[in-house]
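# Residue-level structural notes
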There are 2 protein chains.
Amino acid sequence: MSCTSEYASQLRARGFRMTSQRLAILHALRHAETHLSPREVYIQAKQELPGLTEPTVYRTLEFLAENGLARTSQTGNGHLRYQIAGNDHHHIVCRICGDEMEVDHALLERLYHKLESDSGYMRIDSHMTFFGVCPQCQ
Amino acid sequence: MSCTSEYASQLRARGFRMTSQRLAILHALRHAETHLSPREVYIQAKQELPGLTEPTVYRTLEFLAENGLARTSQTGNGHLRYQIAGNDHHHIVCRICGDEMEVDHALLERLYHKLESDSGYMRIDSHMTFFGVCPQCQ
DNA sequence: AAGGTTATTGCAAAAACTTGCAATAAGGTT
DNA sequence: AACCTTATTGCAAGTTTTTGCAATAACCTT
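Residues numbered from 1 in each chain as written. Chains lettered and ligands numbered in written order. Predicted model: local features only at pLDDT ≥ 70, side-chain atom pairs only at ≥ 80, totals over all residues. Heavy atoms only, no water.

### Observations regarding the overall build of chain A
Along chain A, the regular secondary structure elements total 5 helices and 5 strands. Mapped from its N terminus to its C terminus, chain A presents α and β elements in the order α-α-α-α-β-β-β-β-α-β. By its C-alpha atoms, chain A is 45 × 35 × 25 Å across when sized along the principal axes. A burial count over chain A gives 44% of its 138 residues as buried. Entry remark: accessible area of chain A is about 7400 Å², with carbon and sulfur atoms responsible for 49%. Within chain A, the 16 negative side-chain charges are centred at a point lying 7 Å from the centre of the 14 positive side-chain charges. (Helix = DSSP H or I, 4+ residues; strand = E, 2+ residues; numbered from the N terminus. Buried < 20%, exposed > 50% of the residue type's maximum accessible area, 1.4 Å probe, protein only. Areas by Shrake-Rupley, 256 points an atom, 1.4 Å probe, with all protein chains shown as cover. Lys, Arg positive; Asp, Glu negative; His and termini not counted. Charge placed at Lys NZ, Arg CZ, Asp CG, Glu CD.)

This is the structure we're talking about:
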């Protein structure tokens, strides 16, 4: 896979290493259609790499998110889920039934610019999750 | 305290009950200047009510948030923190040093309206946490 | 291709959080 | 004021997430 070596060199450029564990976890994220919980990642990736342990999954997901290869989503109950980086969109999830839809990044662009100039903060997180009540549940 | 009975009747109106545990936890949140972790709440509130247990704190915080008496803040690492409801502002926190500043609600008003009309969702969460890189760390 | 440096992993134990269920107590009713 | 109903709590046991440290293995250098 070409993307594999792409990831590897991205890491090496910053002094990190590509490992079979990281690869297995990246594969799991890539093949998922949506974001996964750490446990789901563990179950998926363990099929590819049976020796994989759970602490490694937690540490790796955090590592991938810090380095821009993965992205976190907040989930109301305070548990992070992860997805592969790349699709620049956001989510709005229903507080009641959990239903979820995508929000295009363009909608937030203006807000981010304003926030950046007002606050002086840079690189404001490009994945946001909003919570509301969906039309069904209203 | 007048607010005490205010809270009590808010709950009773919906068929819930006011208890010494809920009161102790509300006090802890009220006296905090910022949002607290469940453990911090536990430690505070236990001083007022020594018999209090940790599971009760978790359940109560979730309950208070669901009923609008408390508010959750997301914290990057995926752990919820809680604060008393009332101040309508948001936070932006630095991904690197953890520094934190307030963002006025007015800034988001336009976005919320747009999101609501585009998506059909209602009552979009009125507390958002953004993540970025603060001026110091840039 | 072999060796050295050190980022990364696995293991084991700790801490944080959740769940089920029987006992308790809030607050409406008599 | 005593009684009933049932929301709420505490306890104990489970699951999830984190942490420290010694062993391993990327990958740079020779």
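On we go from here.
### Section: the nonpolar core
Among the nonpolar cores identified, the biggest contains 24 residues, and F130 of chain A together with F130 of chain B are the most heavily contacted of them. Excluding residues that lie within four positions of it along the chain, F130 of chain B makes contacts with L111, Y112, L115, I124 and M128 of chain A together with H91, I92, V93 and L108 of chain B. (Core = buried A, V, L, I, M, F, W, Y, C linked by side-chain atoms within 4.5 Å. Contact = heavy atoms within 4.5 Å.)

### Some remarks on the state of the cysteines
Residue and element names in this part refer to chain A. Here the structure, examined in full by the defined rule, presents 0 disulfides over all chains. Not part of a disulfide, C94 finds its nearest cysteine sulfur in C134, a span of 3.7 Å. With relative accessibility at 3%, the residue C94 sits in the buried group. (Disulfide = S-S within 2.5 Å.)

### Points about the protein's contact with DNA strand C
Around DNA strand C sit 22 residues in total, of which Q21, R22 and T56 of chain A together with M18 and Y58 of chain B are the nearest. Taken together, the sugar and phosphate atoms account for 72% of what DNA strand C places within 4 Å of the protein. Here T56 of chain A contributes a side-chain N or O atom positioned 2.6 Å from a phosphate oxygen of DNA strand C. The separation between a base nitrogen of DNA strand C and a polar side-chain atom of R59 of chain A is 3.0 Å. (Near = heavy atom within 4 Å. Polar contact = N/O pair within 3.5 Å; in protein donor to acceptor, adjacent residues only side chain to side chain.)

### A short note on the packing of helix α2 (residues 20-31) of chain B against helix α4 (residues 54-66) of chain B
For any two helices packed against each other, the geometry is given by the interaxial angle and the distance between the axes. All names here are of chain B. Two elements in contact, α2 and α4, have axes whose closest approach is 10 Å; the angle formed by their N-to-C orientations is 70°. One element, α2, and the other, α4, form an angle in the roughly perpendicular class. Two secondary-structure elements touch here, α2 through Q21, R22, I25, L26 and L29 and α4 through T56, V57, T60, L61, F63 and L64. Of the residues assigned to the contact of α2 with α4, the class counts are 7 nonpolar, 3 polar and 1 charged. (Axes fitted to C-alpha atoms, helices over the stretch in contact; angles between N-to-C directions. Parallel < 35°, antiparallel > 145°, perpendicular 65-115°, else oblique. Nonpolar A, V, L, I, M, F, W, Y, C, P; charged D, E, K, R; others polar.)

Any functional reading would require information beyond the geometric quantities listed.
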